[in-house]
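Chain by chain, the residues:
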Amino acid sequence: MTIEIEEYSKNRPVSVWGAGFDQGQPHAGVGEGPHVMREAGLLKRLTTLRSSVTDYGDITVLRGEDQRQCTRQKEVAKFSRTSHDMVKYMLDQGQIALTLGGDHSVSMGTVAGHLASDPDCVVIWV
């Protein structure tokens, strides 16, 4: 079965959430990405392209003092569950899920959430 992307997504609402997480690697900073993208006008631009855009806000995890790799890995696992649940919820509502990150570790949960909602999904990572 072939589905034209434009037809599939044309009338679907877009849901946006910010994954303010940067513990998948040892350097702080990328967790500010969602805030910076909003400040740069991303949501305003999206609303000019879509009739319906819902912003679910940011989920931010602050770095703790213990930055050993084993500690950060546990935080990645916890945040992956959060990401999975958020993306799956949006998709199950019939929305296009747009995640603003955060570091690349966020992808584990977002891809898992997409696959849980639609095992035949296609993920575009920009």
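Residues numbered from 1 in each chain as written. Predicted model: local features only at pLDDT ≥ 70, side-chain atom pairs only at ≥ 80, totals over all residues. Heavy atoms only, no water.

Read from one edge of the open sheet, three strands run β2-β1-β3, paired in parallel fashion. Where the open sheet ends on each side, the last strands, each with one partner, are β2 (53–60) and β3 (96–101). Neighbour-to-neighbour, the strand axes of the sheet open up by a mean angle of 20 degrees, direction not taken into account. Two strands pair when backbone bridges link them, and strand β1 (residues 14–20) and β3 are joined in this way by six bridges, in the parallel orientation. Across the sheet, residue Val 16 finds its bridge partner in β3, namely Leu 98. (Pairing = 2+ DSSP bridges. Helix = DSSP H or I, 4+ residues; strand = E, 2+ residues; numbered from the N terminus. Axes fitted to C-alpha atoms, helices over the stretch in contact; angles between N-to-C directions.)

Trp 17, Ala 19, Phe 21, Val 76, Phe 79, Met 86, Val 87, Met 90, Leu 91, Ala 97 and Val 106 together form the largest nonpolar core, which totals eleven residues. Residue assignment for this core shows that the elements contributing at least two residues are β1 and α4 (69–92). Top contributing element to this core by residue count: α4, with six residues. Apart from the residues lying within four places of it in its own chain, the contact partners of Phe 79 are Trp 17, Ala 19, Gly 20, Phe 21, Ile 59, Val 61 and Val 106. Counting residues in hydrophobic clusters, the runner-up holds five residues, among them Val 14, Val 16, Leu 43 and Leu 100. (Core = buried A, V, L, I, M, F, W, Y, C linked by side-chain atoms within 4.5 Å. Buried < 20%, exposed > 50% of the residue type's maximum accessible area, 1.4 Å probe, protein only. Contact = heavy atoms within 4.5 Å.)

Each packed pair of helices is defined by two parameters, the angle between the axes and the distance between the axes. As a packed pair, α4 and helix α5 (residues 106–117) sit with axes 7 Å apart at the nearest point and diverge in direction by 35 degrees. Relative to α5, α4 is oriented so that their crossing is right-handed. For the pair α4 and α5, the contacting residues are Val 76, Phe 79, Ser 80, Ser 83, His 84, Val 87, Lys 88, Leu 91 and Asp 92 in the first and Val 106, Met 108, Gly 109, Thr 110, Ala 112, Gly 113, His 114, Ala 116 and Ser 117 in the second. (Left-handed = near helix turned anticlockwise from the far one by under 90°.)

Applying the stated criterion to the full structure yields three aromatic pairs. Pairing Tyr 56 with Tyr 89 gives two aromatic rings, centres 6.1 Å apart and planes at 85 degrees, and the pair type is edge-to-face. Pair noted here: Tyr 56 is in strand β2 and Tyr 89 is in helix α4, with a separation of 33 residues, a long-range link. The rings of Trp 17, Phe 21 and Phe 79 are connected pair by pair, giving a single aromatic cluster. (Phe/Tyr/Trp six-rings, centres within 6.5 Å; stacked < 30°, edge-to-face > 60°.)

On the surface, a cluster of nonpolar side chains totalling about 420 Å² of accessible area is made up of Val 122, Ile 124 and Val 126. Tracing the backbone through its elements, the reader meets Val 122 in the segment after α5. A residue is classified by how much of its surface remains accessible, and Val 122, at 70% relative accessible area, is exposed. (Patch = residues over 30% accessible without salt bridge, like charges linked within 9 Å, V, L, I, M, F, W, Y side chains within 5 Å. Areas by Shrake-Rupley, 256 points an atom, 1.4 Å probe, with all protein chains shown as cover. Salt bridge = Lys/Arg side-chain N within 4 Å of Asp/Glu carboxyl O.)

According to the stated counting rule, one finds seven salt bridges in the structure shown. Between Glu 75 and Lys 78 there is a salt bridge, and its shortest N-O distance comes to 3.1 Å. With a gap of three residues between them, Glu 75 and Lys 78 both fall in helix α4, about one helical turn apart. Two residues, Asp 92 and Lys 88, come together in a salt bridge whose shortest N-O distance is 2.5 Å. Residue Asp 92 and its partner Lys 88 are both found in helix α4; the two are separated by four residues, about one turn of the helix. Look at Lys 88 and you get partly exposed, because its relative accessible area is 27%. Taken together, the shared-partner salt bridges connect Arg 38, Asp 55 and Asp 58 into one network.

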